[in-house]
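Geometric and topological summary
These are the residues of each chain, in order.
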Amino acid sequence: MSAPVQVALVGCGKAKLKHRAPARDLYTGNLFRAHLAEAEATTSHGYVVSALYGLLPLDEEVAPYDVTLLGMAHEKRAAWGRQVVDALARLYPAGAVELLVYAGRTYVDPLQDALAAAPREEWTLVEPLKGATQGARLRILAEASRMRVAARAPLRLPALEVAQPSGRRLYLFAVDGKQVPSFATVSRVRRTDGVLEGYQRTEALAHVAAIREYMESSGALVPNAVVLAFDSRVRFEALSGEGEGARHGHLVIPRATTPDAPDAPGFIVDGQQRLAAVRDAAVTAFPLACTGFVAETVGQQAEQFILVNSTKPLPKGLIHELLPSTTAALPAALERKRLPAQLLARLNLDESSSLRGLVITQTCPRATGRAGGKLFSAVIKDSSLLAALEDSLSAGALGDMERAGVGVDAMVARVSAWWAAVASTWPDAWGRQPKESRLSHGAGVRALSLLMDAACHFLAQEGNAAPGQGDFARELALVRDSCAWTSGTWAFPTGERRWNDLQNTPKEVALLAQHLGALYRERRAAKPHRRTRKAGAA
């Protein structure tokens, strides 16, 4: 359903010119002038409601008169109300209409009665100043007018001007992100008649939502500067005194007529997602650091856009390795990675972990496998183990432990015990490069992690809530002889596959996980019922 059309109705006044004039000029009283200014600032659909003429367009010329609604009989006032509403219905025959009435009860009552007598679908009547006395209305409207003038006044922001070797200048300043739409807009990339215009892509809504959620958190910090290009209407007023390559002063920025209007003097080069998040965030204000420069052409703006956005982002592996050291609120996508990243770091670094040094990270790079009978570290990609931990936290054994309030130490011990059992079950396949053993490959890591979840489920049903390496080794023995980690073929229901044909794709991971899970459940069901153990037993 579309938004209603707002139609402002301004009640006429007793004080008038002595000659014919447009309705907007005929009435000279202070309250009428204040009502009219507010109405015109609110909507482009404005009319005078006259005791004599009824509904008057603002530019329609009429003669002065001496008729008031207050002196009319009730029946005549009711007829006047019907006349005004009927005239409006002819002008706005379809859709929703919101009548904003700037007048006293003498005008409002007959209009409300007319709407009630002949209900019009989705028509409403609103009194923006309902209940206010004449003096209060004048004070409220004067303040509203002052605020509108202030909102249109140029911004004067403390800034630092930095001279570049090329002679061009940068301006460093801070501004409330919610004010940026009043002076800067986005140059959207598009083609008009085959000609490329603009340079900015559309907003990434999911990304904006994640930033907004972070900005609404108590510990939000946004150190990255928004980059803005200005035209020559923006000027810098230096304070007295000279600096070494930089001057203090004020950046004077004119405002656009409306938010994101084409006459805005600024364009957003980098930071549109952050600004969109601030715009939508449930916060009163959010100051942002900004860097500005003057660029008279779209080409100069596009040049900076390319340079800013072509820098290489941080490797995901480094981000994941840094996450465990953070404590403040993070965007939702990173917040979900924090616990699995913490588990991964502990599994790769703890002295007692069966996976110690086996995971390839930014600080533990890839090694070469075996040498002299000893295992070299870093053969499992961090992304593979991280995905496996996320799977288990989402809908597996680790998720059950998290919901039960079990700490990180117990989670690390559980995963370490599982992989120790894997190492003892297939010692010849353990610790080798993925090209030599699918046990270290992403498909094997994720499929075996899902098998751990199944094993934990069955063991918990038997009363073993804290299985150890030996328990897991007995579970893995059920599928040990059906695995082709380093040679041979996998006997999948869909047909045989060479051991090294398995790839780390969602489809291949699901194929291997379902195969191992089906074998495990089938063979477990065929074994004699195990003696139930007391919950919590080692």
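One can find the structure itself at the top, above this paragraph.
Remember, predicted model here, so these are calculated numbers, not experimental data.

Looking now at the overall build of the protein. Each helix and strand in the protein was counted, giving 16 helices and 23 strands. Per-residue burial over the protein gives 44% buried out of 538 residues. Long-range pairs, those at least 24 residues apart, make up 68% of the contacts in the protein with a sequence separation of at least 6. Put simply, the protein shows about 28000 Å² of open surface, and 55% of that area lies on carbon and sulfur atoms.

Attention now goes to the pattern of salt bridges. For the structure on display, the rule yields 27 salt bridges. When the shortest N-O distance is used, the salt bridge between Glu216 and Arg212 registers 3.9 Å. Relative accessible area serves as the criterion here: at 35%, Glu216 is assigned to the partly exposed category. On the basis of relative accessibility, which here comes to 28%, the residue Arg212 falls in the partly exposed class.

Here the focus is the pairing of strand S1 (residues 5-11). Across the 7 residues that make up S1, a large majority, 5, are buried. The sheet contact formed by S1 and strand S6 (residues 97-102) spans 6 bridges and is parallel. Following the sheet pairing, Leu9 is matched in S6 by Val101. Bridge count for S1 against strand S3 (residues 46-50) is 4 bridges, and the pairing is parallel. Looking at S3, one finds that Gly11 is bridged to Val49.

Strand order in the open sheet made by the 5 strands is S4-S3-S1-S6-S7, with mixed pairing throughout. Strands with a single pairing partner mark the edges of an open sheet, and in this sheet they are strand S4 (54-57) and strand S7 (123-126). The mean inter-strand angle of the sheet, taken between neighbouring strand axes irrespective of direction, is 30°. Where S3 lies against S4, 4 bridges are found, and the strand directions are antiparallel. Paired with Ser50 across the strands is Gly54, a residue of S4. Running over the sheet, helix H3 (residues 74-91) touches S1, S3, S4, S6 and S7 and is turned about 40° from S4. Along the sheet face, helix H4 (residues 105-117) touches S1, S3, S6 and S7 and points at about 165° away from the line of S7.

Turning our attention to the sheet that holds strand S17 (residues 287-294). The strand order across the open sheet formed by 8 strands is S10-S16-S13-S17-S9-S8-S15-S14, and the pairing between neighbours is mixed. Every interior strand has two partners, whereas the edge strands, strand S10 (184-185) and strand S14 (235-238), have only one. Where S14 and strand S15 (residues 246-253) come together, 4 bridges link them in antiparallel fashion. Pairing of Glu237 across the sheet is with His250, part of S15. Where helix H7 (residues 272-280) meets the sheet, it contacts strand S13 (226-230), strand S16 (266-270) and S17, and its direction lies at approximately 115° from that of S16.

Here we take up the packing of helix H13 (residues 408-425) against helix H14 (residues 442-461). In the contact formed by H13 and H14, the axes pass within 11 Å of each other and the chain directions differ by 110°. The orientation of H13 with respect to H14, classified from their angle, is roughly perpendicular. The handedness of the crossing between H13 and H14 is right-handed. The residues of H14 that touch H13, namely those facing Arg414, Val415, Trp418, Trp419 and Val422, are Val445, Leu448, Leu451, Met452, Ala455 and Cys456. Grouping the constituent residues of the contact of H13 with H14 by class yields 10 nonpolar, no polar and 1 charged.

Cut-offs applied
The numbering scheme is per chain: residues are counted from 1 as the chain's sequence reads. Totals for whole chains, interfaces and linings use every residue, but because this is a predicted model, local features are given only for residues with pLDDT of at least 70 and side-chain atom pairs only at 80 or more, for both listing and counting. With hydrogens and water set aside, each side-chain value is computed from the structure's full complement of heavy atoms. In this description a helix means any DSSP run of H or I spanning at least four residues, a strand means any run of E spanning at least two, and both kinds are numbered starting from the N terminus. For the exposure calls, accessible area comes from a 1.4 Å probe over protein chains only, and a residue counts as buried if that area is under 20% of its type's maximum, exposed if over 50%, partly exposed in between. Two residues qualify as a contact provided that any one of their heavy atoms is within 4.5 Å of a heavy atom in the partner residue. For the accessible areas, the method is Shrake-Rupley and the probe is 1.4 Å, while residue cover comes only from the protein chains on display. Put simply, a salt bridge is a Lys or Arg side-chain nitrogen that is within 4 Å of an Asp or Glu carboxyl oxygen. Only strands joined by at least two bridges in the DSSP assignment are considered to pair. To obtain each axis, a line is fitted to C-alpha atoms, and for helices this fit is confined to the stretch in contact; angles are then taken between N-to-C directions over 0 to 180 degrees. Angular relationships are summarised with four words: roughly parallel below 35 degrees, roughly antiparallel beyond 145, roughly perpendicular across 65 to 115, and oblique for the angles in between. By convention, the crossing between two helices is left-handed when the near helix turns anticlockwise from the far helix through less than a right angle, and right-handed when the turn is clockwise. Any residue outside Ala, Val, Leu, Ile, Met, Phe, Trp, Tyr, Cys, Pro, Asp, Glu, Lys and Arg is labelled polar, Gly included; the first ten of those are nonpolar and the last four are charged.

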